Amino acid sequence: MIEIKNLSKKFQTAEGTVYALKDISLNVKKGDIYGIIGMSGAGKSTLVRCINMLEKPSSGTVLIEGKDIGVLPESKLREIRRNVTMIFQNFNLLMQRNCLKNICFPLELAGVKKKEAREYAMELLKTVGLPDKANAYPAQLSGGQQQRIAIARALATNPKVLLCDEATSALDPNTTNSILRLIKDINKKLGITVIIITHQMSVVEEVCNNVAILDEGRVVEDGPVRAVFSNPKSEAGRKLVFPSGERKEAKHA
């Protein structure tokens, strides 16, 4: 589904060249919930932005369903981004639009007729459990409700992949769990491939089947969640899994 090969990304700074990503190779299977975890500054957000070419890699390739998206013209990339949508930590909703119009926005951009867009947006409000919030504005909603609207908007273009960039890190534990249950449900019902970028171990344990650990721009280990978390081989993995130095059994089945 998604194949990342030898991906690197460098930035020029006043201090010189900084490598945010160094020779990353990963495979995400269709229908998987795949976690990418690492401490702050590990390169997670840069990686997720390279997956849909919001950030152009310095070298390496990103293949989505066998297609090298790095060589596509901007018009084709827009098409890819309708298939590979994103939700963010700060929700990124349009504050001057009500919830229904927020969900309709990507449909408008795709040229969908107004009536059709509204009907589909109402369906999506039901999918995320907020059918009564069509006329509410983002400022009237809780953080968890705003993230549900952001998920509904991300689903509007019938994507094949949902990228979640620290999507629960601004939420309290109970709200986080309800959003993760929703993501799991969407993955199961719609067959959408989900990539979750996070620094929270509990998030990966709760919903992911496979995980990659990033450290200083490199993948230091990857594999099934249970295998990686029950016996981390890298120092970064051990720090994430056993922050206090104690070993514990990973709960993911």
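Going by the structure above, here's the rest.
Parameters at a glance
- Residues numbered from 1 in each chain as written.
- Predicted model: local features only at pLDDT ≥ 70, side-chain atom pairs only at ≥ 80, totals over all residues.
- Heavy atoms only, no water.
- Helix = DSSP H or I, 4+ residues; strand = E, 2+ residues; numbered from the N terminus.
- Contact = heavy atoms within 4.5 Å.
- Expected span 1.5 Å × (residues − 1).
- Buried < 20%, exposed > 50% of the residue type's maximum accessible area, 1.4 Å probe, protein only.
- Salt bridge = Lys/Arg side-chain N within 4 Å of Asp/Glu carboxyl O.

### Description of the side chain of Ser 234
Point 1. The topology assignment puts Ser 234 in the loop between α8 (225-230) and α9 (235-241).
Point 2. Among all residues touching Ser 234, those that are not within four sequence positions of it are Val 220 and Glu 221.

### Notes on helix α5 (residues 143-155)
Two residues of an α-helix separated by three or four positions point the same way, owing to the 3.6 residues in each turn.
Point 1. Compared with an ideal rise of 1.5 Å per residue, which puts 13 residues at 18 Å, α5 spans 18 Å between its outermost C-alpha atoms and is within 8% of the ideal.
Point 2. Counting buried residues along α5, 11 of its 13 residues qualify, which places the element largely inside the surrounding structure.
Point 3. Those residues of α5 that fall on the buried side of the exposure criterion are Gly 144, Gln 146, Gln 147, Arg 148, Ile 149, Ala 150, Ile 151, Ala 152, Arg 153, Ala 154 and Leu 155.
Point 4. Looking at the buried positions of α5, the neighbouring elements they touch are β6 (84-88), α3 (99-109), α4 (114-127), β7 (161-165) and α6 (173-190).

### Remarks on the pattern of salt bridges
Point 1. Considering all chains together, one arrives at 11 salt bridges under this definition.
Point 2. Among the ionic pairs, Arg 97 bridges to Glu 108, the shortest N-O distance being 3.3 Å. In this pair, Arg 97 is assigned in the loop between β6 and α3 and Glu 108 in helix α3, connecting sequence segments 11 residues apart.
Point 3. For Glu 108, a relative accessible area of 38% gives the class partly exposed.
Point 4. The salt bridge partner of Lys 189 is Asp 185, with a shortest N-O separation of 3.2 Å. Taken together, the residues span about one helical turn, with Lys 189 and Asp 185 both in helix α6 at a distance of four residues.

Any link to function would need more than the numbers given here.
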